[in-house]
Structures are given as structure tokens and as C-alpha cells.
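Next come the chains, spelled out residue by residue.
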Amino acid sequence: MTKEKNGAVISLGNISKEFRTLNRREGLKGSILDLFSRNYKIIKAVNGISFDIQPGEKVGLLGPNGAGKSTAIKMMSGVLKPTSGEIRVNGVIPYNNRTKNAQNIGVVFGQRTQLWWALPLIESFKLLKDIYLIEDADYKNMLELYKSIIDLEPLLKKPVRQMSLGQRTLSDILASFLHNPKVVFLDEPTIGLDVSMKSKIRELVLELNRVRNTTVILTTHDIGDVDALCERVIIIDKGSKLYDNSIEELKHFFGSYRTLKIMFDKKAYNEKTLLTDVDELQRLFGGIEHADGIVSVSKNEEWIDILVDEDKCAVVELLSVVRKYKKVADIKLDEISTEEVIKRIYEGD
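Residues numbered from 1 in each chain as written. Predicted model: local features only at pLDDT ≥ 70, side-chain atom pairs only at ≥ 80, totals over all residues. Heavy atoms only, no water.

Draft legend 1. Layout of the sheet that holds strand 6 (residues 183-187). Spatially, the 6 strands line up as an open sheet ordered 5-6-7-3-8-9, and their pairing is mixed. The sheet is open, and its two borders are formed by strand 5 (105-109) and strand 9 (240-246), each paired with just one other strand. Between one strand and the next, the sheet's axes are offset by a mean angle of 15 degrees, whatever the strand orientation. Relative to strand 9, strand 8 (residues 232-237) runs antiparallel, the two being bridged by 6 bridges. Counterpart to Asp237 in the pairing with strand 9 is Ser240. Against the sheet, helix 3 (residues 69-76) touches strand 3 (58-62), strand 5, strand 6, strand 7 (215-219) and strand 8, its axis set at about 135 degrees to strand 3. (Pairing = 2+ DSSP bridges. Helix = DSSP H or I, 4+ residues; strand = E, 2+ residues; numbered from the N terminus. Axes fitted to C-alpha atoms, helices over the stretch in contact; angles between N-to-C directions. Contact = heavy atoms within 4.5 Å.)

Structure below.
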């Protein structure tokens, strides 16, 4: 698979990555014996993954901790070499041509900054301009674009060490786009940030993708990032690909799932004959005819959330049962969320 053959900016063909780790023994004696040990085990971090990503796509690479997401990103960015398979990014094999590959990609790894700690942001930008051999006109145009999207001036003269976590992350993302790369990898970019800063970063990434047609590959556990930024999601677990399609198609797999949200009458909470506990509700539902259609029951502040598969159990039936035992103040019926869908896939449902 190459860029020339299928037009993809990124192509992965049956990629695997194995790590060899020593089976360590306990205690001082064990540590000494380990110095001469050949007792290794093989861990497959990535196991035969294939996909193509087209120019300008915004793709979420999702999976639980240890699924192999960061390993895949590091192979695509040229940091790691795969054990087997082929990768091409912009027509280049990244681990064989790291310098050439670096000229056409941007990378943000969580909270690991690429900026110079003691220097004002503008000085870091100037250094990156020289490193990437950015033309004066292109550099000026990119700064003007940044200023049209966010209020950049207060940051430019501020030393990186004096910035908040959110400001540093925002600045790192700006730095990763500065040389107008064809692909930007964002690995957990909004981790630890408040809602306001997350919103600013999402708006920035969307606008840069729109204006520059930059391909964005995002790994995150924040489903808000996925909903806001990604048109397509690739889900991997235990190194293998589970899903590769649009978010809408992902939700379609669970199209019959609905969340029945119930708020009980607060005035009735103290009545001994009425249900107030989630466990009691679950026991109650266990006795109805189509109980296998009730996926989960949970409490969310004042609301009781009941996830229902309507192909197996009608929401009306559930509501009828509840109202026999408890006075209902309000109800809502929601489609299944992206977060709930992904959780179901992780759990193998």
C-alpha cells in the first residue's frame, strides 16, 4: 500500500509491533540471577493492523489503556520501527526516513512540550521556523492565521515556564502546525485541562484542519474530543483493530438502544413503600418478562439512567412498571451516546 496507489496520506499494511521483556524474579538473589537470564516473554503491542487515511481526514484512534494506540502513533511518526508490516506517511517509510518524515508531520504527545522552557513563545516559534526552514512569508501567514483564530498576543511574549497547563498545550498545538505539515498527531492533547481550554483547543484544531486541510490523528479518552473533532473512528484493543468507520455508523450498530432517564418525585423519597435505590430497581426489573433488554441501570445526580435495547424490551413497558412503585416527576428519552457505544465495544457487548 502506498500513497501513489490509493491517494492515502497514511497507509498501514498489516502492522505488528512486539516488545521483548524479561521475566524478572523477586528479591536480591532474583535480581542477580536476572543479569544472566534468557527467560524473556514477547508482548504484542500492535497485532496486524491495517488502514488508510485520506488527506484532510479527522480520525480518532481509540481504545482502552494498553490497547496499542500510542505505539501505533510512534510507528507512524517514525519513533518506533514495526516488527512486521509496512507503513507509509506522505509516501515515505517513516522509520527509514525520519528527517524527511518529520518535515511533513506535527506531533503533540500529551504534556511533553516541544517548546523551550525559559524562552517566550515567539522565540520558540522563531527557532522552529529555522529548524523547519519555513519561508518568511509562510511563517508570517501562519502567525496571522493563528491570530485570526485565537487571542495570541498575550502568549507570544510569555515564557513557557510561566504558562498554565492549558496555555502550554495550546502553544504546543500551534507549534505542531507552524510548518504547515500534512499530518498532525495529537496524543491525549486535552488531558487534565478545564472545559474552557478544551473548547478553545477543539475550535483551533477544527479551523486549522478546515483552512489548511491538515490530516489530524487523535488519540484520547475524552469522548467530548471525539464528538467535537472526529468524523471517523478506529477502535483498537489488545493490539487488534475492532472497528473502522464513521461515528454515525458506530451509533447505528446500537440503533435500538435508548436511555430512559427518570426523575422521581422528591416529595415521595421518604415514603417507605416507594423505591429509591438503583439496586432495588434492578431487582424489580429482573422480574419482568423482557428483563434481558435492560442493559444497565445507574444514577446520574437526580436522574436514574436506564439503558434499554428496544429490540428486546419496550421503554413503555419499563416506565409502566416503575410508575406502579414510584411517583415519577419527569422523564427523558435519549439516543445512546458515543461514550456509551464505545464502552459497550470495549466490554465486548
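Alright, that's what it looks like, and here's the rest.
Draft legend 2. The packing of aromatic side chains, seen in detail. Using the criterion set out here, one finds 1 aromatic pair in the structure. Here Phe125 and Tyr146 contribute two aromatic rings whose centre-to-centre distance is 6.3 Å and whose plane-to-plane angle is 50 degrees, an arrangement assigned as tilted. Within this pair, whereas Phe125 is found in helix 5 (residues 121-131), its partner Tyr146 is found in helix 6 (residues 136-149), the two being separated by 21 residues in sequence. With a relative accessible area of 0%, Tyr146 lands in the buried category. Against the face of Phe19 rests Lys17, its NZ or CZ located 5.3 Å from the ring centre. Across the ring face of Tyr139, the terminal group of Lys129 is positioned such that the distance to the ring centre comes to 5.8 Å. (Phe/Tyr/Trp six-rings, centres within 6.5 Å; stacked < 30°, edge-to-face > 60°. Buried < 20%, exposed > 50% of the residue type's maximum accessible area, 1.4 Å probe, protein only. Lys NZ or Arg CZ within 6 Å of the ring centre and 35° of its normal.)

Draft legend 3. Region of interest: the pattern of salt bridges. Under the definition given, this model contains 14 salt bridges. In this structure, Lys126 engages Glu123 in a salt bridge whose closest nitrogen and oxygen atoms are separated by 3.8 Å. Here the residue Lys126 and the residue Glu123 both occupy positions in helix 5, the gap between them amounting to 3 residues, near one helical turn. Taking the relative accessible area as the measure of exposure, Lys126 reaches 39% and is therefore partly exposed. Residue classification places Glu123 among the partly exposed positions, given a relative accessible area of 33%. Between Arg202 and Asp225 there is a salt bridge, and its shortest N-O distance comes to 2.6 Å. Residue Arg202 is located in helix 9 (residues 195-212), and its partner Asp225 is located in helix 10 (residues 223-229); the two are separated by 23 residues in the primary sequence. Like Asp225, Arg202 is buried. One continuous salt-bridge network, built from bridges that share partners, spans Glu57, Arg232, Lys241 and Asp244. (Salt bridge = Lys/Arg side-chain N within 4 Å of Asp/Glu carboxyl O.)

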